[in-house]
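Structural overview for review
Residues per chain are reported as follows:
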Amino acid sequence: MSGLLTSLSMAARAMDAQRAGLAVTGDNIANLNTDGYVRRTIQYEEARPAGVDVAGIRAQRDSLLERRVRQEWPYEAREGAIADTLSVVEASLGDAGASLDAHLASFFDSCSALAQDPSSSVARDSVVLQGRLLSNSFNDLSARLADSRRGADASVRSGIDQINTLAAKVSSINQAINRANGADTNALKDQQGLALDELSKLVDITVLARADGGVDVALGNGRAIVMGANNYELTAVSQPVTGLAAVTIGGADITSEIKNGKLAGWIAVRDTNIPAYQQQLDTIAFTVAQQVNATHQGGRDLLGGTGNNFFAPIATATGAAAAMAVDAAIVADPQRIAAGGTIAPGDNTVARQLASLRDARVVGGTATFAESWGQLVYRVGSDSQTAIAQRDSRREVAEQVGRLRDQVEGVSLDEEAAKMLRFQRAYEANARYFTTVDNVLATLLHLVGGA
Amino acid sequence: MTGHGVLDATGRLRGSLDALAEALLAPDLGRLIAAEVGLAEALNEVGRLRTVSGADRQSLISELIAARAALERCRVLGCAMSDSASAMLQAQSRAGEYGPTGTTAALSAPRGQDFTTRI
């Protein structure tokens, strides 16, 4: 009787073990599309006196590959953030021949028309109109660049919030793992891995494993954002004058320490790329205003006046594109446009000089206005394309390493299905004997009088 | 055939059934396939018995009861595994894509009620 009880007990324990095995396979299939899920395998151990027990369920993690993936993602994410933001800047500059270049051409065309008939009020009105359109174009472009910069700054602030949220999540997972007391922590580690993946896309992080299964996370020059159950928040501190956010932690400005990840990309666009474009646009605007005014001041208007500015004077190049405007006196009375060098009727000297500025290499002494604008457009496009190429290149590496990781950690539906089918077929091969075995045993029992 | 012969043969049949059950539990495909050979041989041996003596009657009855228990255990474990596999394969629309001949062969529908009852 004790043998039968032992047998039944063993069967029950083994049944549990088998059910656990099937549950693990079921979990693997059910979580095929779950982000961060790492394939589980069941580990059995021999039970005493006989049978089998579940020793544990192990997630197929490869810490080396996980670290490698998290090294690649920040690079890809940085270039991706730059590419995405610059594509917006690129679009805001407008199409070739329909943006600032077109307005420059129209303005100088109107000066040529004025040279044809210096006393024509229509031609004078046209010069004022084209001057205003050109100014508006500079103003708009400057505003768009400023908007893009503010957009990048908003992304930086949002990135800081996301990093804080993820750091809080990792610390809370650490706490849960620490309190697990030997219970299965694989699901928590899946969540931990997912949070670290997201974090590494936002900023380059250093992850240090703790003995209890938790992790410490640092960024920049070893600035801890997670230590066990504690997390330390990044803060966006608005800078004086610009109002742009500096990334700080514990009062220290760590903006320059952030080298990779989306956050670094947004910071690079905000603090390096866009300011450079703004500077170039300002230089063009400043040179246009300066050259046109200098030429215009040397002429005489229809009222006999001289020394007039055509554009409102701009003191420095910084902010010139935003400040550019046709001088109020010219707008109020187009007769104040100086078309000639004298008051003699038909004198068009200055109008011709203004028209000839179109081809003058006055921007930096090497380029015409149109060429300089073309260089700016090319620079933005080039930066954007370079970032896209870098992003794609980094993405390939990240995907390759990710695929390697998935081979170890991911769930292969084919593998799981094939395993199921093989088990079914092998069992069916055995089961075809069962009826015969049953009959034989019943007959024998009957013969020995046991039934 | 002596009583010991019957006892030995029945013991080997029970042993092969236990081996099959262990293979189902593992679950270990290699052992599952190997168990089929052992089961066939043990069954063949029992099938060749011509006489059954009364000697060791109690031991034989115990052995036969144990063998029946082992058989039932195999059935339960096997059906549970097979039904689970079918349910999972059908859930992912992969049932019936591979059969013994390599062509499409529909698997039997999962015996849901029996399966639930057994579990």
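Residues numbered from 1 in each chain as written. Chains lettered and ligands numbered in written order. Predicted model: local features only at pLDDT ≥ 70, side-chain atom pairs only at ≥ 80, totals over all residues. Heavy atoms only, no water.

Some points on the overall build of chain B
Tallying secondary structure elements over chain B gives four helices and zero strands in all. When the helices and strands of chain B are read in sequence order from the N terminus, they spell out α-α-α-α. Within the span of chain B, comprising 119 residues, buried residues form 43% of the whole. Residue pairs at least 24 apart in sequence account for 71% of intrachain contacts in chain B once pairs closer than 6 positions are excluded. Accessible surface for chain B amounts to roughly 5,800 Å². Of this, 54% is attributable to carbon and sulfur atoms. (Helix = DSSP H or I, 4+ residues; strand = E, 2+ residues; numbered from the N terminus. Buried < 20%, exposed > 50% of the residue type's maximum accessible area, 1.4 Å probe, protein only. Contact = heavy atoms within 4.5 Å. Areas by Shrake-Rupley, 256 points an atom, 1.4 Å probe, with all protein chains shown as cover.)

Quick word on the overall build of chain A
Summing up its helical and strand segments, chain A has twelve helices and nine strands in all. Split into buried and exposed, the 451 residues of chain A put 47% on the buried side. In chain A, 66% of the contacts between residues at least 6 apart in sequence involve partners at least 24 apart. For chain A, the accessible surface area stands at approximately 20,800 Å², while carbon and sulfur atoms represent 50% of it.

Considerations on the packing of aromatic side chains
Residues and elements named next belong to chain A. Summed over all chains, the structure comprises six aromatic pairs over all chains. Between the aromatic rings of Phe 310 and Phe 311, the centroid separation amounts to 4.9 Å while the plane-to-plane angle is 90°, which identifies the pairing as edge-to-face. The exposure classification of Phe 310 matches that of Phe 311, with both residues buried. Look at Tyr 427 and Phe 434: their rings are 6.1 Å apart centre to centre, the planes differ by 70°, and that puts the pair in the edge-to-face class. As far as the burial class goes, Tyr 427 and Phe 434 line up, both buried. Through pairs of rings, three or more aromatic residues link up here, namely Phe 107, Phe 108, Phe 310, Phe 311 and Phe 369. (Phe/Tyr/Trp six-rings, centres within 6.5 Å; stacked < 30°, edge-to-face > 60°.)

Examining the nonpolar core
In terms of nonpolar packing, the biggest core is built from 53 residues, with Phe 107, Phe 138, Leu 281, Val 288, Phe 310 and Phe 311 of chain A touching the most fellow members. Where this core is concerned, the elements lending two or more residues are helix 2 (63–92), helix 3 (100–116), helix 4 (121–178), helix 6 (262–297), helix 7 (320–323), helix 9 (349–356) and helix 10 (369–409) of chain A. The element best represented in this core is helix 6 of chain A, accounting for eleven residues. Setting aside chain neighbours within four positions, we find Phe 138 of chain A in contact with Leu 100, Leu 281, Ile 284, Ala 285, Val 288, Ala 321 and Met 324 of chain A. Within the second largest apolar cluster, 38 residues are counted, among which are Phe 423 of chain A together with Leu 7, Leu 24 and Leu 71 of chain B. (Core = buried A, V, L, I, M, F, W, Y, C linked by side-chain atoms within 4.5 Å.)

What to know about the sheet that holds strand 6 (residues 230–231) of chain A
Residue and element names in this part refer to chain A. The four strands lie next to each other as 3-4-5-6, forming an open sheet whose pairing is antiparallel. Since the sheet does not close on itself, it has two edges, and those belong to strand 3 (205–209) and strand 6, each with one partner. Here strand 4 (residues 215–219) runs beside strand 5 (residues 223–227); their pairing, made up of three bridges, is antiparallel. Following the sheet pairing, Val 217 is matched in strand 5 by Val 226. Running at roughly 45° to strand 5, helix 4 makes contact with strand 4, strand 5 and strand 6 of the sheet. (Pairing = 2+ DSSP bridges. Axes fitted to C-alpha atoms, helices over the stretch in contact; angles between N-to-C directions.)

Describing the pattern of salt bridges
Pairing of side chains with opposite charge becomes possible as their charged atoms draw close. For the structure shown, the criterion picks out 19 salt bridges over all chains. In this structure, Arg 150 of chain A engages Asp 147 of chain A in a salt bridge whose closest nitrogen and oxygen atoms are separated by 2.5 Å. Separated by three residues within a single helix, Arg 150 of chain A and Asp 147 of chain A lie in helix 4, roughly one turn from each other. The salt bridge involving Asp 18 of chain B is made with Arg 14 of chain B; its shortest N-O contact spans 3.3 Å. Pair noted here: Asp 18 of chain B and Arg 14 of chain B are both in helix 1 (residues 3–25), with a separation of four residues, about one helical turn. Residues joined by salt bridges that share partners form a network here, namely Arg 14, Asp 18, Glu 22, Glu 63 and Arg 73 of chain B. (Salt bridge = Lys/Arg side-chain N within 4 Å of Asp/Glu carboxyl O.)

Describing unusual backbone geometry
Here Val 241 of chain A, not a glycine, exhibits a phi torsion of approximately 75°, which is positive. Residue classification places Val 241 of chain A among the exposed positions, given a relative accessible area of 90%.

With respect to the confidence of the model for chain B
All names here are of chain B. Per-residue pLDDT for chain B has a mean of 72; in total, 62% of the residues score no lower than 70. For residues 99–119, every residue scores under 50 in pLDDT, and the model assigns this stretch 30 contacts once sequence neighbours within four places are set aside. Among the prediction metrics, the complex's ipTM stands at 0.76, with pTM recorded as 0.65. (pLDDT = per-residue confidence, 0-100.)

Considering the pairing of strand 4 of chain A
Residues and elements named next belong to chain A. With respect to burial, strand 4 is a largely interior element, five of its five residues being buried. Burial along strand 4 is two-sided: the residues Val 215, Val 217 and Leu 219 and Asp 216 and Ala 218 are all buried. Counting the residues between successive antiparallel strands, the hairpin from strand 3 to strand 4 contains five residues, one of them, Gly 213, with a positive phi of roughly 100°. Hairpin remark: strand 4 followed by strand 5, antiparallel, with three residues in the connecting loop; positive phi at Gly 220, about 60°.

Details of the confidence of the model for chain A
Taken over all residues, the pLDDT of chain A has a mean of 86, while the share at 70 or more is 82%. Note that residues 1–5 of chain A has pLDDT below 50 and, in this model, one contact with residues that lie over four places away or in other chains.

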